[in-house]
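Each chain, letter by letter, is given below.
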Amino acid sequence: MRLEGVARRVELPDGERLDILTGVDLAVHAGDHVSIVGRSGSGKTTLLNILGLLDEPTAGRVLLDGTEVRQLSGRRRDTVRGRDIGFVFQQFNLLSGRTALENVVMPLMYAQGGSFWRRRQLATAMLERVGLGDRPDSRPDRLSGGEQQRVAIARALVRGPRLILADEPTGALDIETGAAVMALLDDVATESGAALITITHDLHVAARARRHYRLDQGVLSPADLAVAFSASTLVPEAGAPVRITGDEAP
Ligand SMILES: Nc1ncnc2c1ncn2[C@@H]1O[C@H](COP(=O)(O)OP(=O)(O)OP(=O)(O)O)[C@@H](O)[C@H]1O
Ligand SMILES: [Mg+2]
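Residues numbered from 1 in each chain as written. Chains lettered and ligands numbered in written order. Predicted model: local features only at pLDDT ≥ 70, side-chain atom pairs only at ≥ 80, totals over all residues.

A word on the site of ligand 1
Test applied: Residue proximity rests on one test: whether the C-beta atom, placed from the backbone, lies within 6 Å of the molecule or strand. What counts as a helix is a DSSP run of H or I of at least four residues, what counts as a strand is a run of E of at least two, and both are numbered from the N terminus. Gly counts as polar in this scheme, as do all residues outside two lists: the nonpolar Ala, Val, Leu, Ile, Met, Phe, Trp, Tyr, Cys and Pro, and the charged Asp, Glu, Lys and Arg.
Neighbouring ligand 1 are the residues Val-10, Leu-18, Ile-20, Gly-38, Ser-40, Gly-41, Ser-42, Gly-43, Lys-44, Thr-45 and Thr-46. Elements represented by at least two residues in the shell around ligand 1 include exactly β2 (17-27) and α1 (44-51). Element by element, the count of residues in the shell around ligand 1 is highest for α1, at three residues. The residue inventory of the shell around ligand 1, partitioned by class, reads three nonpolar, seven polar and one charged.

Now the structure itself:
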């Protein structure tokens, strides 16, 4: 996926314009692991929605496999999103009335052919992959936060997406659980050859990626994590969450 000069501007009720993103250039290839760190309000979710084909830029281009996303019909875009992009959210976003297995099966209901017919088998294998093969019938309220996020990772990966977008995937987890979940996400993305973009406040989470960016007031630039660590207000201890100076609590 390639973003060229992407901007997102909104008009506020008083007629004033707000530039949420400006001049964002980013190219992400198969197997890439990229982190984007930025403080609250810097435009992270707005950028993720554009990468996930959920929102369109007001200027610039978004290209997927060289095709400009703007050229696709809404229906085609939905198909591409469902097939090629997996989402992992801070709050897991599992369906509460459904079992773990039913949650993982859900994306395959929209798949075609063998993926549809073999959906229970594929979902079961994916649940096993995330270490929950013995909990297929558990509903989310019977699972810990880390287990719920593992179900969400299984759901995000079950259709074999080529791009995984994670928005604060460890934000609702304790440090150790978060580290284990991140390691799992990293591993499954690597195994499948998918690109992984992780958006986070947490420099330790960002450090798992191979390429690092910083989003500051809607401007994306390559980041040097070593500098970010030394500039952070907290002394980084092993596994401790480190927030960028001035960051608000998530
Ligand atoms: N549709 C909109 N209309 C007006 N303002 C918006 C809209 N969408 C986002 N914003 C503003 O744009 C800025 C960036 O929002 P965004 O949600 O992308 O931030 P973020 O980096 O994800 O923050 P957080 O870390 O708190 O989730 C914020 O100041 C937000 O209030
Ligand atoms: Mg956000």
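Quick word on the environment of Val-188
Inclusion rule: For the purpose of contact definition, each residue receives a C-beta atom placed from its backbone, and two residues are in contact when these atoms lie within 7 Å.
Looking at the secondary structure, you find Val-188 in helix α7 (residues 175-192). For the pair formed by Val-188 and Phe-87, sequence separation is 101 residues and the distance between their alpha carbons is 14 Å. Sequence-distant contacts of Val-188, that is, excluding residues within four places in its chain, are made with Arg-129, Ile-153 and Leu-157.

Considerations on the environment of Phe-89
Formally: Here a residue counts as buried when 20 or more other C-beta atoms fall within 10 Å of its C-beta, as exposed when 12 or fewer do, and as partly exposed in between; the C-beta atoms come from the backbone.
Among the secondary structure elements, Phe-89 is positioned in strand β6 (residues 85-89). Under the C-beta neighbour-count criterion, Phe-89 is labelled partly exposed, with 19 such atoms within 10 Å. As a C-alpha pair, Phe-89 and Leu-165 span 76 residues in sequence and 8.4 Å in three-dimensional space.

With respect to the packing of helix α6 (residues 145-157) against α7
Two quantities define a packed helix pair, namely the angle between the helix axes and the distance between the axes. Going by this rule: Axes here mean lines fitted to C-alpha atoms, for a helix over just the part in contact, with angles spanning 0 to 180 degrees between N-to-C directions. Here is the rule for angles: anything less than 35 degrees is roughly parallel, anything more than 145 is roughly antiparallel, 65 through 115 is roughly perpendicular, and the remaining ranges are oblique. Here is the rule for handedness: rotate from the far helix to the near one, and if that takes an anticlockwise turn smaller than a right angle the crossing is left-handed, while a clockwise turn gives right-handed.
Across the interface, α6 lies against α7 with an axial gap of 10 Å and an inter-helix angle of 15°. Judged by the angle between their axes, α6 and α7 are roughly parallel. Of the two elements, α6 crosses α7, and the hand of that crossing is right-handed. Of the residues in α7, those touching α6 at Gly-145, Gly-146, Gln-149, Arg-150, Ile-153 and Leu-157 are Thr-177, Ala-180, Val-181, Leu-184, Leu-185, Val-188 and Ser-192.

Notes on the sheet that holds strand β7 (residues 163-167)
The condition is simple: Strand pairing requires that DSSP identify at least two bridges connecting the strands.
An order of β6-β7-β8-β3-β9-β10 is seen for the six strands of this open sheet, with the pairing classed as mixed. Across the chains shown, the open sheet's two edge strands, defined by having one partner strand only, are β6 and β10 (219-222). Taking the axes of each pair of neighbouring strands and ignoring which way they run, one obtains an average angle of 20° across the sheet. When strand β3 (residues 33-37) meets strand β9 (residues 211-216), the two strands line up parallel, connected through four bridges. If you follow Ile-36 over to β9, its bridge partner there is Tyr-213.

Here we look at unusual backbone geometry
In this structure, Asn-93 takes a positive phi of about 55° despite not being glycine. Looking at the secondary structure, you find Asn-93 in the loop between β6 and α3 (100-105). Phi angles above zero are rare outside glycine, and Gln-217 is one such case at about 45°. Residue classification places Gln-217 among the partly exposed positions, given that 13 C-beta atoms sit within 10 Å.

Examining α7
Selection rule: To estimate how far a helix should reach, multiply one less than its number of residues by 1.5 Å. The directions from the helix axis to the C-beta atoms form the arc being described.
The end-to-end C-alpha distance of α7 is 26 Å, a good match for the 26 Å that 18 residues give at a rise of 1.5 Å each. Looking only at α7, the buried set comprises Gly-178, Val-181, Met-182, Leu-185, Val-188 and Ala-189. Around the axis of α7, the buried residues are gathered within 135° of arc, so they sit on the same side. Exposed positions of α7 whose direction lies more than 90 degrees from the buried face are Glu-176, Ala-183, Asp-187, Thr-190 and Glu-191. Gly-193 sits one or two residues past α7 and shows a positive phi near 75°.

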